[in-house]
Amino acid sequence: MRIENTFGIEAEASAVIYYDSEKGLIKTIQRLRAYDDSIPLLLVGEGSNLLFLSDYKGFILKSNIKGFTIKQETADDVLVEVGSGEICDEFIEQAIQHGWYGMENLSLIPGQVGAAAVQNIGAYGVEAQDVIEEVKGIGLNDAEERIWKQKDCGYGYRQSIFKGELWGKYAITRVTFRLKKHFEPKLQYGGLVKAIEQAGLSKDTLTAEQLRQVIIDIRRAKLPDPKEQGNAGSFFKNPVVPKEQAERLLSEYPTMPHYPAEEGKIKLAAGWLIEQAGWKGKSLGPAAVHDRQALVLVNKGGATGHDIQRLCEAVKKDVKERFGIELEPEVNFI
Ligand code: EPU
């Protein structure tokens, strides 16, 4: 069966199995394990952060756990448990309608809620880890439920325990978010205040709906719609380098974008590095570097996973030669 993925890569799996409840998933895992305890299982949501290099010789599991429930509510905040199969952006829209705030800046990021917790999605100064309270999952070998509090999820920049040591070991079933009942816009990300003003709005009277719309408009202007052109959002992570290395580069390239990172480190903009290396808008066969955001690789039509990988390697090589920086993909290769 064909595996859905936003890159639009043709890849098949032995089977694609949907689960719409914990009970259903547990039954499925027990049956599969009784039949063959070594068959590989892979969780795929919308496939918005995956690059298939070949067919998958195993079963794909897909969450169809929908809906959300309030677990706790105070005057200030609300804990909402959301099914991992909800489309993240649809939940954000509904949260705003309910007056639950904190996820506006994550608007329009493709993918399901479960994947958001795995990938620690982030945009415009907010990351999923800022609003996640806990994550529930079921073991793919023992069919046992496990709950992780936020501090145990190993969150970092586009990183989590689910992408790391637990990769392939759990299916996420539900994610609990702690959302605020008073809207406090997060506008620290460079360019956001300017975009708000350009939209004829004021940051002092801004509503959550307006902020969501501004974010949606920025994303639509820069990022290709996977329905029109296959892609997986940012293909690379922004590199975090030692301060001394960033300073050396800045003396040569004073306009290079850079941001504070953890102690003694600086985050650079991979998109800028790739553009400077001459790759923006360039193609290699049916794979291309997007012409409005060089951090995004696109499938121009008919590309295989290997075509995208070839472009990835060519870009990495040139960035390494020019700046001495090793780019690391954000996308998971399968
Ligand atoms: N830039 C260039 N050329 C380019 C692209 C970017 O010079 O082709 C420069 C920009 O001018 C800017 C800087 O690089 O000075 C940063 O660019 P931008 O604000 O577009 O964000 P980004 O760092 O390229 C990250 C995330 C995006 C997220 C945006 C906004 C990563 C890997 N990517 O991109 O996330 O939407 O910030 O917060 O951290 C994703 O993960 O799929 C994704 C789209």
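Residues numbered from 1 in each chain as written. Predicted model: local features only at pLDDT ≥ 70, side-chain atom pairs only at ≥ 80, totals over all residues. Heavy atoms only, no water.

(A) Spotlight on the packing of helix α2 (residues 88-98) against helix α5 (residues 208-222). Where α2 meets α5, the axes come as close as 10 Å, and the angle between the chain directions of the two elements is 155°. Between α2 and α5, the interaxial angle falls into the category roughly antiparallel. Here α2 and α5 pass one another in a crossing that is left-handed. On α5, the residues touching Asp89, Ile92, Glu93 and Ile96 of α2 are Ala208, Glu209 and Arg212. (Axes fitted to C-alpha atoms, helices over the stretch in contact; angles between N-to-C directions. Helix = DSSP H or I, 4+ residues; strand = E, 2+ residues; numbered from the N terminus. Parallel < 35°, antiparallel > 145°, perpendicular 65-115°, else oblique. Left-handed = near helix turned anticlockwise from the far one by under 90°. Contact = heavy atoms within 4.5 Å.)

(B) The arrangement of the site of the ligand in detail. Residues in contact with the ligand amount to 25 residues; listed here are only the nearest, Tyr124, Tyr157, Tyr189, Ser234 and Glu275. Note that an oxygen atom of the ligand is positioned 2.5 Å from one of the backbone N or O atoms of Tyr124. Residue Arg219 places a side-chain N or O atom 3.3 Å away from an oxygen atom belonging to the ligand. Notes on the ligand: free accessible area 820 Å², of which the protein chains cover 83%. Take the shell around the ligand: its biggest share by element is three residues, from helix α7 (residues 270-276). Of the residues contributing to the shell around the ligand, the split by class is 12 nonpolar, six polar and seven charged. (Near = heavy atom within 4 Å. Polar contact = N/O pair within 3.5 Å; in protein donor to acceptor, adjacent residues only side chain to side chain. Areas by Shrake-Rupley, 256 points an atom, 1.4 Å probe, with all protein chains shown as cover. Nonpolar A, V, L, I, M, F, W, Y, C, P; charged D, E, K, R; others polar.)

(C) Just the sheet that holds strand β6 (residues 77-83), in detail. Read across the sheet, five strands follow the order β5-β6-β11-β9-β10 without closing on themselves; strand pairing throughout is antiparallel. Looking at strand neighbours, the two that pair on one side only are β5 (68-73) and β10 (145-149), the edges of this open sheet. Pairwise comparison of adjacent strand axes, ignoring direction, gives a mean angle of 20° for this sheet. Helix α1 (residues 22-35) rests against β9 (132-139), β10 and β11 (170-180) of the sheet, and its axis sits at about 35° to β9. (Pairing = 2+ DSSP bridges.)

(D) Main features of the side chain of Glu330. Within the secondary structure, Glu330 sits in the loop between α8 (305-323) and β19 (332-333). Setting aside anything within four residues of it in sequence, one finds Glu330 in contact with Asn49, Gln119, Arg158, Lys163, Ser234, Phe235, Phe236 and Lys237.

(E) Expanded view of the sheet that holds strand β12 (residues 230-234). Taken together, four strands build an open sheet; the order of strands is β12-β18-β17-β16 and the sheet is antiparallel. A single partner strand is all that each edge strand has here, and the edge strands are β12 and β16 (283-284). The pairing of β16 with strand β17 (residues 287-289) spans two bridges and is classified as antiparallel. Within the sheet, the bridge partner assigned to Ser283 lies in β17 and is Ala288.

(F) Looking closely at the domain arrangement of the protein chain. Here the domain parsing of the protein chain yields domain 1 (13-63), domain 2 (68-180) and domain 3 (230-333). Listed by partner, the interface residues are six residues for domain 1 and 10 residues for domain 3. Between domain 1 and domain 3 lies a buried interface of about 730 Å² when both sides are counted; carbon and sulfur atoms form 58% of it. For the domain 1 face of the interface with domain 3, the top three residues by lost area are Asn49, Leu51 and Leu53, together amounting to 80%. Our count for the contact surface shared by domain 1 and domain 3 stands at zero salt bridges. One can count three residue pairs in polar contact (both at pLDDT 80 or more) joining domain 1 with domain 3. Looking at side-chain class alone, the side of domain 1 that touches domain 3 contains four nonpolar, two polar and no charged residues. (Domains from an automatic or database assignment. Buried area = accessible area lost by both parts, 1.4 Å probe. Salt bridge = Lys/Arg side-chain N within 4 Å of Asp/Glu carboxyl O.)

(G) Inspection of the pattern of salt bridges at higher detail. Enumeration according to the criterion identifies 19 salt bridges in this entry. Note that Arg292 is salt-bridged to Asp291, the shortest N-O span being 4.0 Å. The class for Asp291 is exposed, based on a relative accessible area of 51%. (Buried < 20%, exposed > 50% of the residue type's maximum accessible area, 1.4 Å probe, protein only.)

(H) View of the environment of Gln210. In this structure, Gln210 sits in helix α5. Relative accessible area serves as the criterion here: at 28%, Gln210 is assigned to the partly exposed category. For the pair formed by Gln210 and Arg178, sequence separation is 32 residues and the distance between their alpha carbons is 21 Å. Beyond its immediate chain neighbours, meaning those up to four positions away, Gln210 contacts Leu201 and Thr205. From its side chain, Gln210 meets the backbone nitrogen of Thr207 in a polar contact 2.9 Å long.

(I) Focus on unusual backbone geometry. Its identity as a non-glycine residue notwithstanding, Ala143 has a phi of 55°, on the positive side. In this structure, Ala143 sits in the loop between β9 and β10. Phi is positive for Arg158, close to 50°, though the residue is something other than glycine. For Arg158, a relative accessible area of 12% corresponds to the buried category.

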